[in-house]
Amino acid sequence: MFSCTGYAATAADARLGPITLDRRDPGPDDVQIDILYCGVCHSDLHQARDEWHNTIFPCVPGHEIVGRVARVGASVTRFHTGDLVGVGCMVDSCRDCKSCRDGFEQYCEQGFVPTYNGEDRQGRGITFGGYSRAIVVDQAFVLKVPDKLDPAAVAPLLCAGITTYSPLRHWKVGPGQRVGIVGLGGLGHMGVKFARAFGAEVVLFTTSADKVADGLRLGAHEVVLSKDPDAMAREHGRFDFILDAVAANHDINAYLELLRRDGTLVQVGAPETPLPVSVFSLLMKRRSFSGSLIGGIPETQEMLDFCGEHNITAEIEMICMDQIEDAYTRMLRSDVKYRFVIDMASMPATA
């Protein structure tokens, strides 16, 4: 074992603060990573505040991790000391079910092991995430990060990036298709970038007039203010695919009506309460309403390689570790463009 500093929530109503963590020494298949940057996901706030009622305290959040390899186990061949690598939302799965064998570990039939607040499959306790100086992860769940990209801006790709990339790839979004992206936040801004890079005609839907210019800058061909009923009416039946990245309650049927026959709306934002769906929104034009969860390890590596080839990263605001509570407060106000990333050089040396 070795010790390192992390930042943890010790109770649902407690501010995050420094803690000393014990990390395992690398086993034969392990990679020890010195963490450089960690993105801040809304899931981190949910878990730190026990809003999903499953948090195990102390909780060290963080599943958008970029760092340098410090040590490798004897059986590790894909990674070497000094390599730039990433770790996303998973650090293990059963590896034996059909989903795992097919490279869709996020749909593991026994449940994947999350990077934090999960129970280690080898009986080594609860997982601690990327709000820390170091982490040790099985090589099967470590990803290569293209050296040409800004490593800080890569960090959110490990969650926000793959969450939007995966459904766009699965539903074969590409040239000749009209694609809608609902919401311009941490997820939606990546959806705009990927859909544009895939060659689709991209339309952003937002409730905020302040985001029109940014939507166009990030790659949307057109921006529609969803609060304008006339603007929405003009879009009825015009879309092949819509990616909904809104995590708040909203009228999903208004967007289902925008789909053409056989069009698909995929929900990646996760509202706290169920979204009422009008069956007739689906029946009348054989539309589909689906969902998608992050991506498997092979697809996440594909996404990172694609980003390296097309120079795609997240739009970020860098913060120090002791600014995390302020970042959470601002995140609740949607006051970030478009993802906070923690500079781990700011982590205290000791708790």
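Structure: see above.
Owing to the predicted nature of the structure, the values given are computational and were not obtained by experimental measurement. Note on numbering: residues in each chain are counted from 1, in written sequence order. Selection of residues for local features in this predicted model requires a pLDDT of at least 70, selection of side-chain atom pairs for listing and counting requires 80 or more, and totals for whole chains, interfaces and linings are taken over all residues. In computing side-chain values, all of the structure's heavy atoms are included and hydrogens and water are not.

### Details of the nonpolar core
Inclusion rule: Within this scheme, the nonpolar core is defined by two criteria: the residues are buried Ala, Val, Leu, Ile, Met, Phe, Trp, Tyr or Cys, and they are joined through side-chain atoms within 4.5 Å. The buried label applies to any residue whose accessible area, calculated with a 1.4 Å probe on protein chains only, is under 20% of its type's maximum; exposed applies above 50%, and partly exposed to all values in between. Per the convention used, a helix needs a DSSP run of H or I reaching at least four residues, while a strand needs a run of E reaching at least two, with both numbered from the N terminus. Residues count as neighbours in contact if any of their non-hydrogen atoms are within 4.5 Å of one another.
In this structure, Val 40, Tyr 131, Phe 194, Ile 324 and Tyr 328 are the most contacted members of the largest nonpolar core, which totals 90 residues. The leading source of residues in this core is helix H10 (residues 297-310), at 5 residues. When residues no more than four places from it in sequence are discounted, the contact partners of Phe 194 are Gly 161, Thr 164, Tyr 165, Leu 168, Met 303, Phe 306, Cys 307 and Ile 312.

### So, H10
One turn of an α-helix holds 3.6 residues; hence residues three or four places apart share an orientation. Here is the rule we go by: Every helix has an expected span of 1.5 Å times one less than the residues it contains.
Taking 1.5 Å of rise per residue, the 14 residues of H10 would be expected to cover 20 Å, and the 20 Å separating its terminal C-alpha atoms lies within 8% of that figure. Of the positions making up H10, those classed as buried are Ile 297, Glu 299, Thr 300, Gln 301, Met 303, Leu 304, Phe 306, Cys 307 and Gly 308. Taken together, the buried residues of H10 touch strand E6 (90-92), strand E9 (143-144), helix H3 (151-154), helix H4 (160-170) and helix H5 (188-197). Looking one or two places after H10, you find Asn 311, whose phi comes out positive at around 55°.

### Description of the packing of aromatic side chains
Applied cut-off: The aromatic pairing rule takes the rings of Phe, Tyr and Trp, using the six-membered ring of Trp, and pairs them if the centres are within 6.5 Å, calling planes under 30 degrees apart stacked, those over 60 edge-to-face and the rest tilted.
Taken as a whole, this structure holds 9 aromatic pairs when the rule is applied. Measuring from ring centre to ring centre gives 5.2 Å for Tyr 165 and Phe 194, while their planes differ by 75°; the resulting arrangement is edge-to-face. Here Tyr 165 is found in helix H4, whereas its partner Phe 194 is found in helix H5, with 29 residues between them in sequence. With a relative accessible area of 0%, Tyr 165 lands in the buried category. Both rings, one in Phe 194 and one in Phe 198, keep their centres 6.2 Å apart while their planes meet at 15°; by these two values the pair is stacked.

### As for a nonpolar patch on the surface
Here is the rule: Two distance rules govern patches: like charges are joined within 9 Å, and nonpolar side chains (Val, Leu, Ile, Met, Phe, Trp, Tyr) within 5 Å, applied only to residues with over 30% relative accessible area and no salt bridge. To be clear on the numbers: accessible area is Shrake-Rupley with a 1.4 Å probe, and residue cover counts the displayed protein chains and nothing else. Salt bridges are identified by distance alone: a Lys or Arg side-chain nitrogen within 4 Å of an Asp or Glu carboxyl oxygen.
A surface patch of nonpolar side chains, about 470 Å² in accessible area, is lined by Val 279, Phe 280, Leu 283 and Met 284. Mapping Met 284 onto the fold places it in the loop between helix H9 (279-283) and strand E15 (288-291).

### Considerations on helix H11 (residues 324-332)
Filter applied, for reference: Each C-beta atom gives one direction from the helix axis, and the arc is the one those directions make.
Buried within H11 are the following residues: Ile 324, Glu 325, Ala 327, Tyr 328 and Met 331. Considered in projection along H11, the buried side chains sweep an arc of 160° and stay on one side of the axis. Buried residues in H11 make contact with strand E1 (2-8), helix H1 (42-48), strand E16 (316-319) and strand E17 (339-343). Positioned one or two residues after H11, Ser 334 has a phi angle of 60°, which is positive.

### Concerning empty space enclosed by the protein
Stated formally: Detection works on a 1 Å grid of protein atoms alone, calling trapped sets that fit a 1.4 Å probe cavities and calling open sets with protein on both sides within 12 Å along at least five of seven lines pockets, with lining residues defined by an atom within 4 Å of a point. Grid points are joined across faces, edges and corners, and a volume is the space filled by probe spheres set on the points. All residues other than Ala, Val, Leu, Ile, Met, Phe, Trp, Tyr, Cys, Pro, Asp, Glu, Lys and Arg, Gly among them, are scored as polar; the first ten of these are nonpolar and the last four charged.
This model, assessed by the stated rule, comprises 1 cavity of 30 Å³ or more. As a volume, the largest cavity reaches approximately 80 Å³. Along the walls of the largest cavity sit Gly 88, Cys 89, Met 90, Phe 141, Leu 143, Leu 158, Ile 162, Ile 294, Gly 295, Ile 297 and Thr 300, which together make up its complete lining. A class-by-class count of the residues in the lining of the largest cavity yields 8 nonpolar, 3 polar and no charged.

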